[in-house]
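The lines below spell out each chain.
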Amino acid sequence: GETRASELQERALHVLETVFGYPAFRGQQADIVEHVASGGDALVLMPTGGGKSLCYQIPALLRDGVGVVISPLIALMQDQVDALAEVGVRAAFLNSTQTFEETLRIERLVRTGEIDLVYVAPERLMTQRCLDLFESAHISLFAIDEAHCVSQWGHDFRPEYIRLSILHERFPHVPRIALTATADQLTRAEIAQRLQLEEARQFVSSFDRPNIRYSIVEKGNGRKQLLDFISSEHPGDSGIVYCLSRKKVEETAEFLNEHGIRSLPYHAGMDHALRASNQSRFLREENIVMVATIAFGMGIDKPDVRFVCHLDLPKSLEGYYQETGRAGRDGAPSNAWMAYGLQDVVLQRRMIDESEADENFKRVLSSKLDAMLGLCETLSCRRMRLLEYFGERSGPCGNCDTCLMPPVSFDATVPVQKLLSAIYRVDQRFAAGHVIDVLRGAQTERITQWHHDRLTVYGVGADRGEQEWRAIVRQAISLGLVTVDHESYSSLKLTDAARPVLKGEQKVQLRQYQKPVKQKRADRPA
Ligand code: ADP
Ligand code: ZN
């Protein structure tokens, strides 16, 4: 009844204040805590830094028995347990890093109910020994952290997560709460279905991170642009730079160090000990930049990350959102900056084409990439675009590059027609570089060899620079007018969508190419 509900709310608030030392719940925390504490199942979508932990920690304290937290982040369990011990919560973990004696000790505590929370890795939970242990104990709730790991389409997929549906069957009366910071509509449905949480109440918080400013610039010399960005906007700040390959991570970290920006590399190919030490240095020190592949970051809680940069295009908006979300967890103004160019589009498309995935999976990957490209090429507010993808409606934000400096668009029908004709005239057998050479009337050996200087399209695009043409090619690919054939030397090919443009039946509006401008700041060292 009503009195019990309000009594529960009072007890929850009391725990929040006396145990965790916070005066008030944030966002939907209070509702979630009340729902789970009174035995309901929940699916919680909340951005990184939103405060997901309290959503299961407080119900676990309010309910009788031991709360079980399932998390793939073994490396962070010790920290989480230590942090809880500091505020007087009795917590422990069960994972493969422990000795057998330690395991026995924790198991005994679980059985006797002498602890409040126990963290387990999913592969451990699935063992008969562990399931038996929990059946013989009194369990207050199951919290499934990083629940998006159950999604086969996502980049954090963990096969063991699929088997977590067993919890519903073996512990039908124990409430379950699944939590994640990444979930578009598709992933959300997949989580609910695979974890048998269709009946669970869903709590979807706003994914907006108003303190993060989004900017995406045309890539020229990416490294140099990155250096300019960091030295002008973030001298002395900590940040993360994401690169696609291990080699590029190493090179970029070295380049930044040579130019006086203290940087550490991080990728899965590094020696384990060095990787761990770089991670803990990044967490502890100030004025430090982590240059990393996407292997870095899940569960990383460094509140004062002032910028997250992408030197390569992420594969999806989920990835982009999650990575950029590591900036500004303390709420202070922060930047998400990315340099993006034609090469990125070509490379990402090639990676999909050449992957081992089946056709269905390739289609999913391809549509995720399209959404990412849509964000890069948009003429409207980046934040609106991003939030829309997560199912949230909003207006222009005033805190992204397109809001602050609206891009100029132009009627690009004629140049695009020129491009499409040139691709057609060279028999759709040449890559972007050569097609652009033909358009600009360049004199290269290959042009002479193939007599491409005799084509009617030769030199018809001499009025535009090479970078400008690359931007047009890139947008034509993003719009689906042109594809890159990776089976034959990355040659450009026309799609069916090109026809109405070539025939003049359809106009094309593109983003005006803007030369990368050097950022200036008065106090910048010469
Ligand atoms: P998430 O898991 O969603 O990324 P956390 O649970 O780690 O977020 O919380 C992020 C930060 O916010 C932590 O430092 C946490 O202590 C703090 N926090 C969470 N809830 C509150 C609250 N109600 N009041 C004040 N600080 C909070
Ligand atoms: Zn905006």
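Residues numbered from 1 in each chain as written. Chains lettered and ligands numbered in written order. Predicted model: local features only at pLDDT ≥ 70, side-chain atom pairs only at ≥ 80, totals over all residues. Heavy atoms only, no water.

So, the nonpolar core
The test is simple: What we call a nonpolar core is a set of buried Ala, Val, Leu, Ile, Met, Phe, Trp, Tyr and Cys residues that are connected through their side-chain atoms within 4.5 Å. Throughout, exposure labels follow a simple rule: accessible area from a 1.4 Å probe, protein chains only, divided by the maximum for the residue type, with under 20% read as buried, over 50% as exposed, and the rest as partly exposed. Secondary structure counts use DSSP, requiring at least four H or I residues in a row for a helix and at least two E residues in a row for a strand, with both numbered from the N terminus. We call two residues in contact when some of their heavy atoms are within 4.5 Å.
Ranked by internal contacts, the top residues of the largest apolar core, which has 109 residues, are Ile70 and Phe134. Take this core: its biggest share by element is 6 residues, from helix H16 (residues 359-377). Residues contacting Phe134, with those up to four places away along its chain left out, are Val68, Val110, Val118, Val120, Leu125, Ile139, Phe142 and Phe171. One finds Leu54, Cys55, Ala60 and Leu62 within the second-largest nonpolar core, a separate group that totals 34 residues.

Points about the coordination of the zinc ion (ligand 2)
Defined as follows: We call an atom a donor if it is N, O or S and sits within 2.8 Å of the metal, or 3.2 Å for Na, K and Ca. Water is not counted, so some sites may look partial. Metal sites are grouped by the angles between bound donors: all angles between 85 and 135 degrees with four donors is tetrahedral, opposite donors over 155 degrees apart with the others between 65 and 115 is square planar for four donors and octahedral for six, and any other pattern is irregular.
On the protein side, the zinc ion (ligand 2) has Cys381 (SG), Cys397 (SG), Cys400 (SG) and Cys403 (SG) as donor atoms, found 2.3 to 2.4 Å from it. Coordination geometry of the zinc ion (ligand 2): the 4 donor atoms subtend angles of 101 to 118 degrees at the metal centre, consistent with an arrangement described as tetrahedral. Between the donor residues of the zinc ion (ligand 2), the gaps in sequence give the motif C-x15-C-x2-C-x2-C. With Cys381 in the loop between H16 and helix H17 (382-389) and Cys400 in the loop between H17 and helix H18 (401-404), this residue pair connects regions lying 19 residues apart in the sequence. With a relative accessible area of 0%, Cys400 lands in the buried category.

A short note on the side chain of Asn399
Going by this rule: Identification of polar contacts relies on pairs of N or O atoms within 3.5 Å, with a donor-acceptor requirement for protein atoms, meaning one able to donate a hydrogen and the other able to accept it, and with residues adjacent in sequence counted only if both atoms are side-chain atoms.
For Asn399, the location among the structural elements is in the loop between H17 and H18. Of the polar contacts made by the side chain of Asn399, one reaches the side chain of Arg213; its length is 2.7 Å. Apart from the residues lying within four places of it in its own chain, the contact partners of Asn399 are Pro210, Asn211, Ile212, Arg213, Tyr214, Arg383 and Leu404.

Remarks on the site of ligand 1
Condition: When we say a residue is near a molecule or strand, we mean one of its heavy atoms is within 4 Å of it. With residues, only the protein chains shown are counted as cover, and all accessible areas are computed by Shrake-Rupley using a 1.4 Å probe. Gly is put with the polar residues, along with every residue not named as nonpolar or charged; the nonpolar set is Ala, Val, Leu, Ile, Met, Phe, Trp, Tyr, Cys and Pro, and the charged set is Asp, Glu, Lys and Arg.
The immediate surroundings of ligand 1 are formed by 14 residues, with Tyr22, Ala24, Gly49, Lys52 and Ser53 found nearest. A distance of 2.9 Å separates a nitrogen atom of ligand 1 from a polar atom in the backbone of Ala24. Note that an oxygen atom of ligand 1 is positioned 2.8 Å from one of the side-chain N or O atoms of Lys52. In isolation ligand 1 offers 570 Å² of accessible surface; the protein chains occlude 74% of this area. In the shell around ligand 1, the residues fall into 5 nonpolar, 6 polar and 3 charged.

Quick word on the sheet that holds strand E3 (residues 91-94)
In plain terms, the rule: Any two strands with at least two DSSP bridges between them are considered paired. Inter-axis angles, ranging from 0 to 180 degrees, are taken between N-to-C directions of lines fitted to C-alpha atoms, where helices are fitted over the stretch in contact.
On the basis of which strands lie adjacent, the open sheet formed by 7 strands has the order E3-E4-E2-E5-E6-E1-E7 and parallel pairing. What marks the edges here is a single partner per strand, and that holds for E3 and strand E7 (201-204). Each adjacent strand pair in this sheet contributes to an overall mean axis angle of 20 degrees, direction not counted. Pairing of strand E2 (residues 66-70) with strand E5 (residues 139-144), which is carried by 5 bridges, proceeds in the parallel orientation. Following the sheet pairing, Val66 is matched in E5 by Ile139. In this fold helix H2 (residues 29-37) packs onto strand E1 (42-45), E5, strand E6 (176-180) and E7, with an angle of close to 160 degrees to the strand it touches most, E7.

What to know about H17
Put simply, the rule reads: Summarising the geometry, the arc corresponds to the directions from the helix axis toward the C-beta atoms.
When we look at burial in H17, the residues that qualify are Arg382, Arg383, Leu386 and Leu387. All buried residues of H17 lie within an arc of 120 degrees about the axis, which places them on one face of the element. Those residues of H17 hidden inside the fold are in contact with strand E8 (212-218), helix H14 (317-324), H16, H18 and strand E17 (509-511). Downstream of H17 by a residue or two, Gly391 has a phi angle that is positive, lying close to 80 degrees.

Some points on the sheet that holds E8
Taken in spatial order, the 6 strands make up an open sheet running E8-E13-E12-E9-E11-E10, and their pairing is parallel. A strand with exactly one partner marks an edge of an open sheet, and here the two such strands are E8 and strand E10 (263-266). Put simply, the sheet's adjacent strands are angled 15 degrees from each other on average, direction ignored. As paired elements, E8 and strand E13 (residues 334-340) share 7 bridges and run parallel to each other. Bridge pairing links Ile212 to Ser334 in E13.

Remarks on the pairing of E1
Burial along E1 is two-sided: Ala42 and Val44 and Leu43 and Leu45, pointing in opposite directions, are all buried. Here E1 pairs with E6 via 4 bridges, running parallel. Its bridge partner being in E6, Ala42 is matched across the sheet by Ile177. Bridge count between E1 and E7: 4 bridges; the pairing is parallel. Bridged to Leu45 within E7 is Val204.

With respect to the packing of aromatic side chains
Worth spelling out the cut-off: Aromatic rings from Phe, Tyr and Trp, taking only the six-membered ring of Trp, are treated as a pair when their centres fall within 6.5 Å; an angle between ring planes under 30 degrees marks them as stacked, one over 60 as edge-to-face, and anything in between as tilted. Two limits define a charge over a ring: the Lys NZ or Arg CZ must be within 6 Å of the ring centre, and within 35 degrees of the ring normal.
Evaluated as defined, the whole model comprises 12 aromatic pairs. Judged by centre distance (5.0 Å) and plane angle (15 degrees), the rings of Phe229 and Trp337 are stacked. Of this pair, Phe229 sits in helix H11 (residues 222-233) while Trp337 sits in strand E13, and the two are 108 residues apart along the sequence. No difference in accessibility class separates Phe229 from Trp337, as the two residues are buried. Here the aromatic cluster, defined as three or more aromatic residues joined through ring pairs, consists of Phe207, Tyr321, Tyr389 and Phe390. Stacked on the ring of Phe282, the Lys or Arg Lys302 has its end atom at 5.2 Å from the ring centre.

Some points on the confidence of the model for the protein chain
The following threshold applies: One confidence number per residue, pLDDT, is output by the predictor and ranges from 0 to 100.
Put simply, the protein chain has an average pLDDT of 92, and 97% of its residues get 70 or more. Predicted confidence for residues 518-526 stays below pLDDT 50, and this span has 14 contacts to residues more than four positions away or in other chains.

A word on the pattern of salt bridges
Heads up, the condition is: Salt bridges are identified by distance alone: a Lys or Arg side-chain nitrogen within 4 Å of an Asp or Glu carboxyl oxygen.
Across all of its chains, the model carries 27 salt bridges by this definition. Note that Glu285 and Arg281 form a salt bridge whose closest N and O atoms lie 3.0 Å from each other. Arg281 gets classed as partly exposed once you look at its relative accessible area, which sits at 29%. Its salt-bridge partner being Asp370, residue Arg349 comes within 2.9 Å of it at the nearest N-O pair. One end of the pair, Arg349, is in helix H15 (residues 342-354); the other, Asp370, is in helix H16, and 21 residues separate them in sequence. In this structure Arg349 comes out as buried when scored by relative accessible area, which is 17%.

Here's the deal with the side chain of Asp145
Threshold: Just so you know, the count uses Lys and Arg for positive and Asp and Glu for negative, and it drops His and the chain ends.
Mapped onto the elements, Asp145 comes out in the loop between E5 and helix H8 (159-162). Salt bridges are absent for the buried Asp145, whose nearest opposite-charge side chain, Lys52, sits at 6.3 Å. When sequence neighbours within four positions are dropped, the list of residues in contact with Asp145 reads Tyr56, Ile70, Ser71, Pro72, Tyr161 and Leu179.

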